[in-house]
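Inside the fold
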Amino acid sequence: MTDQIFHDSDADRAFRAKRFSGRIVIYGILILWAFIALFPIYWTITTSFKMAPDVMKGNIVPYWDYTPKWLGWRSLGLSPDTIGNESTVRAEFLKRFWNSTIISVSASILAVALGSCAAYGLSRFNYKFGFMRNSDISFFFLSQLILPPVVLALPFLVLYKALGMLDTRIGLILLYALTVLPIVIWIMRDQFGSIPSELEEAALVDGLSIWGAFLTIILPIALPGMVAAFILSLVLTWNEYFFAALLTSSHAKTLPVMVASQTGSQGISWWSMAALSFAAILPLIVIGIALERYIIKGMAAGAVK
Amino acid sequence: MSTEGDLLHVVTADNISDQRKQFGKRIVWGSAALMFFVVALQAADQTGWISIGFETWRPTLYAYILWAICLCAGQVITRGEHGKRTLFILPATLFVVSMVVFPLLFGLIIAFSDWNLASPDGRKFNGWDNVRQMWTDPFYWNAMRNMVWYSLAIIAEYAIAFGLALLLNAQIKGRKFFRVAFLLPLMLSPVAVSWMIGKSMLENRFGPIARILREIGVDKPSFFSSPEIARLMIMLMDAWTYIPFMMIMILAGLQAIPKDLNEAAEVDGANAWTRFWEVTFPLMLPVSITAILIRIIFKLKLADIIINVTSGGPGGATDSVTSFIFREYRDRSNVGYGTMLAMFYLVVIVIAMTILIKAADRWMRPRY
């Protein structure tokens, strides 16, 4: 039989109890906030499998207090028994989904391409356009962030009408690229600033042109930053509603506009709205979970100097 | 970052022949002349002097694009290595100038005219009439006042975001899970959020939150009928989406603080509360101010949720400036007046942000 000889003194035990209760509070708050952040998403997913009585009764947990049905997804034409059939709603949904994909991906690519070049130039060379020096040019680009979309919206409406670009994808792509360009430049300037210029010096001495050095040496190093900027632009442009609502009508309508237009017309058919909303946010949830690292990197850029 | 001298020097000596320079200049001016010619032609067609029958102003756009390409090419042709460097920044500059400066100037013209897209009359100048109408428009000033309220909500958002960032920065298990969970609201589109929360969870009869409130004993909970509560609900929804954004910026700042500062304070006998206020918080000031300023910028664009949940109601109590102008156009097609409101908003924003940034700058670098 072995008795414990050494004991913690009472003072130490009190400390441990205090520490333990501190831990409980920390985890309590963390779990509470995780609940706040995730519950609406959970609510949307489960509602899309409910039927009218389940909605009225306010059932929350599937299988326990109601049986999931494919009602919501059937109305979208995406449930297992309708997926093979023709469905106008699904065709409409897929068209909007495709529009959103093309517009957000192209706008992000355009913004990252233009923004990376500009950020690289600003981080390496001295420009002088009239009275504009480097800091003025940087400020000119970043100040676009302050510009509220509503200032541009109506002039663009009139301009696009004159140019025959209303309700086209290319019109939205250009506008979206403009709105995310300052963010891209912000992230990329930070990224290029952290790469030593000796790398290009060596490359230039070895006979590469400046664009050769930029494309073959600097860009691969700056790739994580570019991915971060791209993902962030993708999220912002995918979710954009204001311009899309004003500038598109039938051909180039994006997914958020479709979701918004359904809200009013369908009254209380919650299950189909839930299915539609969930289908609209699903790509972003996937991106958020898979590429969380890049999103955080992108947003943290510039916060810490 | 130093602004004196290039970080990279030009190491190649360019031998640019006069002929090449001439060619470069010629294509730039040639394409510019072509552009002006097309503009003049279209303007003449528009006013009816000559009739060519242009459907749209597209030819002008194409001529402009051609000129932009020639300008970029001309830089390299006439200036060699230096031109290649200008080429880094020129496309982005041309893009922004053509997409912002030109529409803004155009917007100024619209702002001073009476133009209703629904009426067949077309545009006509009306001088300061729009300004006078704006000055006496109670709904517009109400929307402005709402923007102040919405912006003040950022203080609470900041406090919550700071708390969450501190917790995430502590020694906890499952940090990755919590980080992803906290981040997700930011990824969702405001339109989806306005349905998920505004229309279904906050529904008066079947929504889960109304149900809970009824359990607690609130009689007939309603969320969007009284102005104060409706405004609060909009603030909460917007906060729900954007708190992760501030949280991540603050978290990045927290992680950049060296650990030994806190340890030194601990050795000196400071408790957690003092350590936070005397060490962590002052060190976080620059990051906090950046985060708050960016958040204000995003807040000033707030519209999607309001348009989709309350469309400004009850009685304009939740209107933001953006959503008000959106409805001004949607319901009345009043382009001239709407643009004037937007332009005035821009001026107010620019002045307010300049003052804020200057004040923040002053506050962050106190004179010792």
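Residues numbered from 1 in each chain as written. Chains lettered and ligands numbered in written order. Predicted model: local features only at pLDDT ≥ 70, side-chain atom pairs only at ≥ 80, totals over all residues.

Attention now moves to the overall build of chain B. Across its full length, chain B carries 13 helices and two strands. A compact globule built from 368 residues should have a C-alpha radius of gyration of about 21 Å, whereas chain B, at 28 Å, is more than 25% larger. Taken along its principal axes, the extent of the C-alpha atoms in chain B is 80 × 60 × 40 Å. Residue burial in chain B is summarised as follows: out of 368 residues, 34% are buried. Counting contacts in chain B only where the partners sit at least 6 residues apart, residues at least 24 apart contribute 66% of the total. (Helix = DSSP H or I, 4+ residues; strand = E, 2+ residues; numbered from the N terminus. Rg over C-alpha atoms; globule rule 2.2 N^0.38 Å. Buried ≥ 20, exposed ≤ 12 C-beta atoms within 10 Å, placed from the backbone. Contact = placed C-beta atoms within 7 Å.)

In this structure, Ala 118 and Val 184 of chain A together with Met 247 and Ile 250 of chain B are the most contacted members of the largest nonpolar core, which totals 167 residues. Sorting elements by how many residues they give to this core places helix α7 (residues 169-193) of chain A first, with 15 residues. Looking at which domains feed residues into this core, each of domain 1 (18-111) and domain 2 (138-363) of chain B supplies at least three. Among residues more than four places away in sequence, those in contact with Met 247 of chain B are Ala 161, Leu 164, Ala 165 and Phe 182 of chain B. If you look at the next biggest cluster of nonpolar residues, it comprises five residues, including Val 38, Ala 63, Trp 67 and Cys 70 of chain B. (Core = buried A, V, L, I, M, F, W, Y, C linked by C-beta atoms within 7 Å. Domains from an automatic or database assignment.)

Another point: the interface of chain A and chain B. Contacts between the two partners involve 87 residues from chain A, matched on the other side by 81 residues from chain B. The dominant element in the side of chain A that touches chain B, judged by the number of residues it contributes, is helix α1 (residues 10-47) of chain A, at twelve residues. The class makeup of the residues in the side of chain A that touches chain B is 65 nonpolar, 17 polar and five charged. (Nonpolar A, V, L, I, M, F, W, Y, C, P; charged D, E, K, R; others polar.)

What follows is about helix α13 (residues 335-364) of chain B. With 30 residues, α13 of chain B extends 42 Å between its outermost C-alpha atoms, agreeing within 8% with the 44 Å of an ideal straight helix rising 1.5 Å per residue. Among the residues of α13 of chain B, those classed as buried are Val 335, Gly 336, Tyr 337, Gly 338, Thr 339, Met 340, Leu 341, Ala 342, Met 343, Tyr 345 and Ile 349 of chain B. In this structure, the buried residues of α13 of chain B make contact with α6 (149-163) of chain A together with α2 (58-111), β1 (113-114), α3 (129-135), α4 (138-169) and α12 (321-332) of chain B. (Expected span 1.5 Å × (residues − 1).)

When pLDDT is low, close inspection of the predicted coordinates is not appropriate. Residue and element names in this part refer to chain B. When pLDDT is averaged along chain B, the result is 85; 96% of the residues meet or exceed 70. At the level of individual helices and strands, chain B shows its lowest average pLDDT in strand β2 (residues 124-125), which scores 76, and its highest in α4, which scores 92. Model confidence for the complex: the whole-complex pTM is 0.88, and ipTM, which rates the interface, is 0.87. (pLDDT = per-residue confidence, 0-100.)

You can see Phe 206 of chain B is positioned in the loop between α6 (190-201) and α7 (208-216). Residue class for Phe 206 of chain B comes out partly exposed when judged on the 16 C-beta atoms lying within 10 Å of it. Apart from residues lying up to four places away in sequence, Phe 206 of chain B is in contact with Val 55, Met 56 and Gly 58 of chain A.

With that settled, the discussion passes to the domain arrangement of chain B. All names here are of chain B. In terms of domains, chain B is made up of domain 1 (18-111) and domain 2 (138-363). Distance between the C-alpha centres of domain 1 and domain 2: 42 Å. Between domain 1 and domain 2, the contact holds four residues from the first and five residues from the second. Of the residues assigned to the side of domain 1 that touches domain 2, the class counts are three nonpolar, one polar and no charged.

On to the confidence of the model for chain A. Counting all residues, the mean pLDDT for chain A is 84, and 94% of those residues have values of 70 or more. The element-level mean pLDDT for chain A is lowest in helix α2 (residues 52-57) of chain A, coming to 73, with helix α4 (residues 88-124) of chain A highest at 91.

On to α7 of chain A, then. Owing to its 3.6 residues per turn, the α-helix brings residues three or four apart onto one side. All names here are of chain A. The end-to-end C-alpha separation of α7 is 34 Å, in line with the 36 Å expected for 25 residues at 1.5 Å each. Most pronounced at Val 180, the bend in α7 amounts to some 40°, and the proline Pro 182 follows within four residues. Among the 25 residues of α7, 21 are classified as buried, and the element is accordingly described as predominantly covered. (Bend = angle between axes of the 7 residues up to and from the residue.)

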